[in-house]
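If you want the building blocks of each chain, they are given just below.
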Amino acid sequence: MALVDYSLEDGVATIAMDDGKVNVLSPAMLGEISSALDRAETDGAIVLITGREQTLSAGFDLKCPPEQAAEMIGGGARLAERLLSFPSPVVAACNGNAIAMAAFMLLCSDVRIGVDGNFRIGLNEVAIGLTVPWFGIAVARHRLAPPYFDRCAVTAAMLGPEEAVRAGFLDRLVAADELRGEALGAASELKQLKMDAHRATKLRVRADVLEGVRDGVERIGSPDREW
């Protein structure tokens, strides 16, 4: 069963995660997202990343065997680097809940549109006994409003959609039935950009966070695995 659906229409590549549950970012899911991004880059398309009803993703797969943990976390770090530096704009259409690595995906996207409702968005790592990975610290510091960076990373604060906008996880909210149309509209507007200038400027603006994320990738591969 495919975990990711890829479709291309009018220069917009939609990458839709759907595992039939909560879209955990297992090594398999991360691999399929990576392959879909490869296709989008080959197609020269704007990327629209989305999930399934009420859920972008619940984050890393906590049932992943311990021997695959480094692969999974490394895959998440490389996904963050890829999204931050992707040559075309990336739009995230957040269907509802976005937890941990899914929240980092929002922080790495260029335009983030969410839906209003009883949803939770945030970094819950320390609430479940995990230390926030170094790559995640770099991403959160780059994109979250300063007071929220410390609060969200250190206290695992889970935010409703309106507060998630104030914190910096999302740019704006729409009704659930408007999400797809609004995200496509945002992607269409972004097609007006000069893509060479977009990419070059993105790399300049994000030079520091990309350095931090790449350092985090190296730490995952180090013998002490200080993620």
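Quick summary incoming for the structure in this document. Positions within a chain are numbered from 1, following the residues in the order the chain's sequence is written. A pLDDT threshold of at least 70 governs which residues receive local features in this predicted model, and a stricter bar of 80 or more applies before side-chain atom pairs are shown or counted, although totals over entire chains, interfaces and linings include all residues. Excluded from the side-chain calculations are hydrogens and water; all other atoms, namely the structure's heavy atoms, are used.

1. Section: the environment of Ile220
And step 1. Looking at the secondary structure, you find Ile220 in helix H9 (residues 207-220).
And step 2. Sequence separation between Ile220 and Val24 is 196 residues, and the spatial gap between their C-alpha atoms is 20 Å. Strands are runs of DSSP state E lasting at least 2 residues, helices are runs of H or I lasting at least 4, and numbering of each runs from the N terminus.

2. Things to note about the sheet that holds strand S9 (residues 158-159)
And step 1. A strand pair is defined by DSSP finding two or more bridges across the two strands. Taking strand neighbours across the sheet as the criterion, the four strands line up as S4-S6-S8-S9 in an open arrangement whose pairing is mixed. Among the strands making up the open sheet, the edge pair consists of strand S4 (54-57) and S9.
And step 2. Bridge analysis of strand S6 (residues 96-99) against strand S8 (residues 121-122) gives two bridges, and the strand direction is parallel. By the bridge assignment, Ala98 is partnered in S8 with Ile121.
And step 3. Any two residues whose heavy atoms approach within 4.5 Å at even a single point are treated as in contact. Each axis is a line fitted through C-alpha atoms, taken for helices only over the stretch in contact, and angles between the N-to-C directions span 0 to 180 degrees. Where helix H3 (residues 101-108) meets the sheet, its contacts fall on S4, S6 and S8, and the angle it forms with S6 comes to roughly 100 degrees.

3. What about a nonpolar patch on the surface?
And step 1. Residues enter a patch when their relative accessible area is above 30% and they make no salt bridge; the linking distance is 9 Å between like charges and 5 Å between nonpolar side chains (Val, Leu, Ile, Met, Phe, Trp, Tyr). Shrake-Rupley sampling with a 1.4 Å probe provides the accessible areas, and residues are treated as covered by the protein chains on show and by no other component. Salt bridges are identified by distance alone: a Lys or Arg side-chain nitrogen within 4 Å of an Asp or Glu carboxyl oxygen. Among the surface-exposed residues, Leu62, Ile128 and Leu130 lie close enough to one another that they form a single nonpolar patch of about 290 Å² accessible area.
And step 2. Overall, Leu62 belongs to the exposed group, its relative accessible area being 62%. A 1.4 Å probe rolled over the protein chains alone gives each residue an accessible area, and that area as a share of the maximum for its type sets the label: buried under 20%, exposed over 50%, partly exposed in between.

4. Some remarks on the side chain of Glu125
And step 1. Its place among the elements puts Glu125 in the loop between S8 and helix H4 (134-143).
And step 2. For Glu125, which is buried and forms no salt bridge, the nearest opposite charge comes from Arg151, at a distance of 13 Å.
And step 3. Those residues in contact with Glu125, other than ones at most four positions away along the chain, are Ala100, Met101, Phe104, Leu130 and Val132. His is not counted here, nor are the chain ends, while Lys and Arg score as positive and Asp and Glu score as negative.

Keep in mind these values describe shape, not function.
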